[in-house]
Protein chains: 2
Amino acid sequence: MPKNISEKMFKNNAFCELLGIEYPIIQGGMAWISDAELAAGVSNAGGLGLIAAMSSNGEQLRAEIQKCKKLTDKPFGVNIMLMSPFCDEVAKVVIEEGVKVLTTGAGNPAKYMPMWLEAGIKVIPVTASVAHAKLMQRAGASALIAEGQEAGGHIGELTTMALIPQVADAVTVPLAAAGGIADGRGIAAVFMLGAEAVQVGTRFLVAKECGIHQNYKDFVLKANDVATTVTGRRTGHPVRSLKSEFSRSFSKIENDPNVTDEEIGKLGSGALRAAAKDGDKLKGSFMAGQIAGLVNKEQTAKDIIEEMFSKAKELLS
Amino acid sequence: MPKNISEKMFKNNAFCELLGIEYPIIQGGMAWISDAELAAGVSNAGGLGLIAAMSSNGEQLRAEIQKCKKLTDKPFGVNIMLMSPFCDEVAKVVIEEGVKVLTTGAGNPAKYMPMWLEAGIKVIPVTASVAHAKLMQRAGASALIAEGQEAGGHIGELTTMALIPQVADAVTVPLAAAGGIADGRGIAAVFMLGAEAVQVGTRFLVAKECGIHQNYKDFVLKANDVATTVTGRRTGHPVRSLKSEFSRSFSKIENDPNVTDEEIGKLGSGALRAAAKDGDKLKGSFMAGQIAGLVNKEQTAKDIIEEMFSKAKELLS
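These numbers come from a predicted model, not from an experiment.

Along any regular strand the residues' side chains alternate between the sheet's two faces. All names here are of chain B. Where burial is concerned, the two faces of strand β2 (residues 49-52) agree: the one with G49 and I51 and the one with L50 and A52 are both buried. Pairing geometry for β2 and strand β3 (residues 76-81), over four bridges, is parallel. By the bridge assignment, G49 is partnered in β3 with F76. Running through helix α4 (residues 58-71), the crossover from β2 to the neighbouring parallel element β3 is right-handed.

Our next topic: the environment of A189(B). Mapped onto the fold, A189(B) is located in helix α9 (residues 184-193). Since its relative accessible area comes to 0%, A189(B) is described here as buried. For A189(B), the residues in contact, after removing those within four places along its chain, are M161(A), A189(A), M192(A) and L193(A).

With that settled, consider the interface of chain A and chain B. Counting from both sides, the interface comprises 40 residues of chain A and, opposite them, 40 residues of chain B. Here chain A meets chain B over a buried area of about 3,200 Å², counting both sides, of which 58% is carbon and sulfur. Linking chain A to chain B there are two salt bridges. Across the pair R185(A) and D169(B) runs a salt bridge whose closest N-O atoms are separated by 2.9 Å. At the junction of chain A and chain B, the tally comes to 13 residue pairs in polar contact (both at pLDDT 80 or more). Within the residue set of the side of chain A that touches chain B, elements represented by two or more residues are α1 (3-10), α8 (160-170), α9 (184-193) and α14 (301-316) of chain A.

Parameters at a glance
- Residues numbered from 1 in each chain as written.
- Chains lettered and ligands numbered in written order.
- Predicted model: local features only at pLDDT ≥ 70, side-chain atom pairs only at ≥ 80, totals over all residues.
- Heavy atoms only, no water.
- Buried < 20%, exposed > 50% of the residue type's maximum accessible area, 1.4 Å probe, protein only.
- Helix = DSSP H or I, 4+ residues; strand = E, 2+ residues; numbered from the N terminus.
- Pairing = 2+ DSSP bridges.
- Right-handed = clockwise from strand over helix to strand, strands pointing away.
- Contact = heavy atoms within 4.5 Å.
- Buried area = accessible area lost by both parts, 1.4 Å probe.
- Salt bridge = Lys/Arg side-chain N within 4 Å of Asp/Glu carboxyl O.
- Polar contact = N/O pair within 3.5 Å; in protein donor to acceptor, adjacent residues only side chain to side chain.

In structure tokens:
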């Protein structure tokens, strides 16, 4: 078997050692989705669960972190959305609550890096290009998650296949891959490209521990390979979601030259909540990746993780 | 070593057996680029070289095929661009000239399949979705090339990472992967996803046997991870190329609601030739994939292929 690769996956894995986890898998920090229950479910299964801070204020996030501590004694992390208006306060709360791992998205965490590193927190920025990856490494990142545009939610331009080897050649910190990974084949593939861990979002949408509306889960379970679309390119904030009434009307409005970017920006607000909490097909933005077509059964986080890694191990053995 | 995967790559490889080649690698059929010299260079190196019929008429293609026969006694193929006005003509010429392998792009080859199969030709359609892949298999495809949107030239929506496993689950014919593959890591990765061969375009642009203008080769050699862009989405014919004066002005015009789709269509004509033959940065469309950032040296086709497969073998050994 390929010693270098399998050793990286099953022994002396950089992410397992860095984060104190059993399997090198990180659950994506998904707004309105990644809460204490899902994070605890993934962490209890041996992966790294994440609570999405999204636009929570400090006390809301503190309550979610304390709830997660009651549900697991395994390591879990928080995903900080750097565009959040409450970023300064949540940046302090994670220190006060003794969170050990942070992933960051939608920007440059440089402003908070010194205080987080000072507190002994492992900071793992999500990146979508070589230049940003190098910048994050210089800023003190403990590791990186390079995310391809096949992923759900806010995306970049590079695909996982093109991004991972180019980032792997450019940085020395451990690298995780995200985007297009929902089974053991995807894990084995990105390890070949130079990653030592995976971040998975879409498949965890249908985890038993994931509390989103059943309409959302059914939407993912029924999705085929061409079920997703990208909106928001016009305003420079592309987002991948399942094709729906909402995405269709958003595209139509987005392509209307008489509509201002400000008006388009407003359209999105509330759409994530409407999908996750209400399962509302008309008002909801159901974020998911292109790999949704491979996701066809609800399972516990434990079954998902064990199934993925047993297949990856089989491919590499 | 992973027996199933390595056996597939180095012994009893479906593509090597089907096409009578030494390495399971197909050179992309690139308009104005993939001529007799490049095809013969790749075939002599043990891969499958392809002549791009693009918009050649029957006699132009016949001359190129006969030229290739003089340059190699190894198997080579022809890529048929199904939107070509001369498609009916070239479809007959490949039979008359005894071509053994065809790849098809930009449409549905069903109309020609019976006569090609009757002539004993192996037909390998390029596909970008599960539904089209199943359609092609039903039509009699000998194998399939599933191409992700990180590839250069005309592209679909799905990325290689998302497309390959979903197509692999849907068809039984041998599957090759294209898009984002320029080194041994990419080969090993797509084999993990279920492919048994690769199609490579961008890296062969800088092959010694590739006769494109040196400006084009230098453009590829200098490209970084974010050097490509996609134009043509508005007219439903997205194309990936290196960012250039041409792509920038094309985008500007494309985003002008006062410009008609017909006018946009006209813009593209001649741009491929201007890039490949004249190296014209103002008028040329320099097609290349997102993996161009990994391509940084000119080599013979033989050195490219041997370097790629020796790395893939190392990863899988």
